[in-house]
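# Tertiary structure, described
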Amino acid sequence: MKDDQELLARALRVLARREGPALAPPPVPALLRRGRRARRIRTATRAAAGALLASAAAFVILGGTGLGAGIGPGIGPGIGTAGAPPSAVPAGTPTSSEGARQALDARSVLLAAAESAVGHGPAAAGRYWHVRARTTQPVSHPQAKNPPFSARVTNTQDTWYAARRGAPSRTMTRQDPKVTFASPEDEARWRRLGSPDLSGGKPSSNDYAMQLRFLIGSHSYTLRQLLALPADKEKLASLLRRLFDEEEPGDWWPGKPTFTSYVWATAQDLLAGPISPGTRSSLYRLLAEQPAIRSLGEVTDPLGRTGVALTLTTPGTGEGAGESRLVVDVATARLLAYELRPPGRSEPLIQTTYEETGWVDRLGERP
């Protein structure tokens, strides 16, 4: 628990230095998303929520999970049941051992998703891109830096990203909180401390006058600019390579990633964001060309949806080590869930399930 808290705290300090003064609370997942990238860089990643230090005025990232520099949103258009127990079935849990043994290799999975993406794009663009995500992360104890018990808190965040410059955007955070203790003994320790509130605070709704932006590495993009990203794989690869070459090592923690990690981190968010079907397909094809990405076979996400878990691992035991997983519905090319696992952990440190995404025409409306 101590190592987990220090991991999150280090990432938040890095983000605070990069973001500048905070003008308003950003969406919960935005923060760790970028921290995740920096920490895991290749895998220690798509941001879950926690203490909010980053500036929403600088760049707000779609509700995801992680620790580091990378793009904003990470949302898959899949629709699930809000409030379902997020940790009931870890997203990396194979639906059957036989299915895991017969799993296709990652390249085959990614190419199949690329084909599906062409025919499963989101509806035509509207005034707002809406994302609903449910994130699980370690609790933040209100009275102690390192709580004497192990527990995780899960809550839901809705985000509406305005497509038009000057239009307001909105986030609704800390909805439907649920605290899960690691064991009855941990819950007993919590009760002996007076049962302090572990939900992270009351639900909050925030409107922003500025146009919220997305990140590819340290480069900011408006929603409309995301829609204009290349639909051709070679052109998209050329763009990402140029952006990667322009990255400054000082913007990354603990160091600048490899290009494979950069593409992985980008895909984690863009596949869930408002990109065209052609861009989504090309991104899957570009991922299929990257080494070290593995398929763990068919799994069930916390909402009971079936997908294939893809993973990228950074070996070792240091700050940059760990494993991140993306759970993809190959038939629709949707991103269902994201997980971050530090070395030696069977349970995710951070887990985000993307319940629904899509275009709407009014703030507060859902697809």
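Everything below is about the structure shown above.
Presented here is an overview of the structure given in this document. (Residues numbered from 1 in each chain as written. Predicted model: local features only at pLDDT ≥ 70, side-chain atom pairs only at ≥ 80, totals over all residues. Heavy atoms only, no water.)

Further remarks concern helix α4 (residues 106–118). An α-helical segment advances 3.6 residues per turn. Residues three or four places apart therefore align on the same side. Look at α4: 19 Å from first C-alpha to last across 13 residues, which is about the 18 Å you get at 1.5 Å a residue. When α4 is considered as a whole, its buried residues turn out to be A106, V109, L110, A113, A114, S116 and A117. One side of α4 holds all its buried residues, which, seen down the axis, span an arc of 165 degrees. Opposite the buried face of α4, at more than 90 degrees from it, the exposed residues are E115 and V118. Of the surrounding secondary structure, the elements contacted by the buried residues of α4 are α9 (277–288), β7 (294–300) and β8 (306–314). With a side-chain oxygen lying 3.1 Å from the backbone nitrogen of R107, the N-terminal cap of α4 falls on D105. (Helix = DSSP H or I, 4+ residues; strand = E, 2+ residues; numbered from the N terminus. Expected span 1.5 Å × (residues − 1). Buried < 20%, exposed > 50% of the residue type's maximum accessible area, 1.4 Å probe, protein only. Arc of directions from axis to C-beta. Contact = heavy atoms within 4.5 Å. Polar contact = N/O pair within 3.5 Å; in protein donor to acceptor, adjacent residues only side chain to side chain.)

With respect to burial, β8 is a largely interior element, 7 of its 9 residues being buried. Two strands pair when backbone bridges link them, and β7 and β8 are joined in this way by 6 bridges, in the antiparallel orientation. Across the sheet, residue T300 finds its bridge partner in β8, namely T306. As paired strands, β8 and strand β9 (residues 322–329) are joined by 7 bridges and run antiparallel to one another. Considered in β9, the bridge of A309 is made with V327. (Pairing = 2+ DSSP bridges.)

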